[in-house]
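# Examining the three-dimensional arrangement
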Amino acid sequence: MVLQIKNVDLTYQTDKQVVTALKNINLQIKEGSFVCVLGPSGCGKTTLLRILAGYHQATSGEVLLDNKPISPKPDRHRGVVFQQQMLYPWLNIEDNVGFGLKMRKVPAKEKREIVDHYLEMVGLSQFKKAKSYELSGGMKQRASIARVLANDPRIVLMDEPFGALDAMTKEQMQDNIRKIWKETHKTIFFITHDVEEALLLGTHIIVLSARPGRILREMYSDFPYRIEEGKSRMYRTEPDFVKRREEIISLISL
Ligand SMILES: Nc1ncnc2c1ncn2[C@@H]1O[C@H](COP(=O)(O)OP(=O)(O)OP(=O)(O)O)[C@@H](O)[C@H]1O
Ligand SMILES: [Mg+2]
């Protein structure tokens, strides 16, 4: 197990109110899983991701990465990709992707090789000298993914990374992240609102209840292993896919 979440509760305390966002979360995440988390708006998905990233501490319970408690600070071993990318506008794409490597003083030649490798993986080799404002939304998101991967994290945390993209770009991005997952064997923890997206990507699908978020259902799936690049549309009508989709939708809309 790369990640273990044990009896985690999280309560936000503001001067106006107390909000319990997560209640009794228990999860065991196997190395190399593609975890997809689904649940109604406000159920605590981002909160859970923030705990894994080390931005928030659980009010009670324990979170272990490689059997060690997650430290309450950002760490390159937990790479985060947000819905709106956070590239540095004054750096070109190559320097954005290489930023973490530069901070860690990785030698220039090695840095260049790593950056080129991940830019190639996300299909941005031709754009390494471009600034982020010269890229489309999907391309910026791919650059953010390359930047996270260049740091060789133990776990990649993604909060609705394709939520702001149009349907066609989204499908291409799903193909791209599935391919990257197969090539790198990384453990990915991916939040989405989109039930079909979760089924097209997730090997371990987690459905949360409305706030306070509790685990309603865990599902394991082999669709992501089977789906070939550019062929995801064929799977959307498979009886097992349709059955799972309807089951998840009925759980979420309870
Ligand atoms: N920093 C904060 N302080 C106080 N309350 C917060 C804070 N962040 C989130 N909350 C509350 O915690 C609950 C869960 O929020 P969270 O952002 O985790 O939900 P979510 O599942 O990611 O929602 P969405 O699908 O809309 O992104 C919400 O009721 C929200 O108002
Ligand atoms: Mg959220």
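From a predicted model like this one, the values you see are computed outputs, not experimental measurements.

## Regarding the pairing of strand β9 (residues 204-208)
Across a regular strand the side chains alternate sides, sitting on one face of the sheet and then on the other. Of all 5 residues that make up β9, 5 are buried, and the element is covered over most of its length. Side-chain alternation along β9 places H204, I206 and L208 on one buried face and I205 and V207 on a second face that is also buried. Sheet topology places strand β3 (residues 34-38) next to β9; 4 bridges connect them, and they run parallel. Across the sheet, the residue bridging to V37 is I206, located in β9. As paired elements, β9 and strand β10 (residues 215-220) share 5 bridges and run antiparallel to each other. The residue bridging I206 from the neighbouring strand is E218, located in β10. The hairpin formed by β9 and β10 contains 6 residues between the paired strands.

## Some remarks on the site of ligand 1
Neighbouring ligand 1 are 15 residues; S41, G42, K45, T46 and T47 lie closest to it. Within the contact set of ligand 1, an oxygen atom lies 3.2 Å away from a backbone nitrogen or oxygen of C43. In this structure, an oxygen atom belonging to ligand 1 sits 2.8 Å away from a side-chain N or O atom of T46. For ligand 1, whose accessible area on its own is 640 Å², the fraction buried by protein is 65%. Counting only elements with at least two residues in the shell around ligand 1, the list comes to β2 (18-29) and α1 (45-53). Considering each element in turn, the shell around ligand 1 owes the most residues, 3 residues, to α1.

Calculation notes
Residues numbered from 1 in each chain as written. Chains lettered and ligands numbered in written order. Predicted model: local features only at pLDDT ≥ 70, side-chain atom pairs only at ≥ 80, totals over all residues. Heavy atoms only, no water. Buried < 20%, exposed > 50% of the residue type's maximum accessible area, 1.4 Å probe, protein only. Helix = DSSP H or I, 4+ residues; strand = E, 2+ residues; numbered from the N terminus. Pairing = 2+ DSSP bridges. Near = heavy atom within 4 Å. Polar contact = N/O pair within 3.5 Å; in protein donor to acceptor, adjacent residues only side chain to side chain. Areas by Shrake-Rupley, 256 points an atom, 1.4 Å probe, with all protein chains shown as cover.

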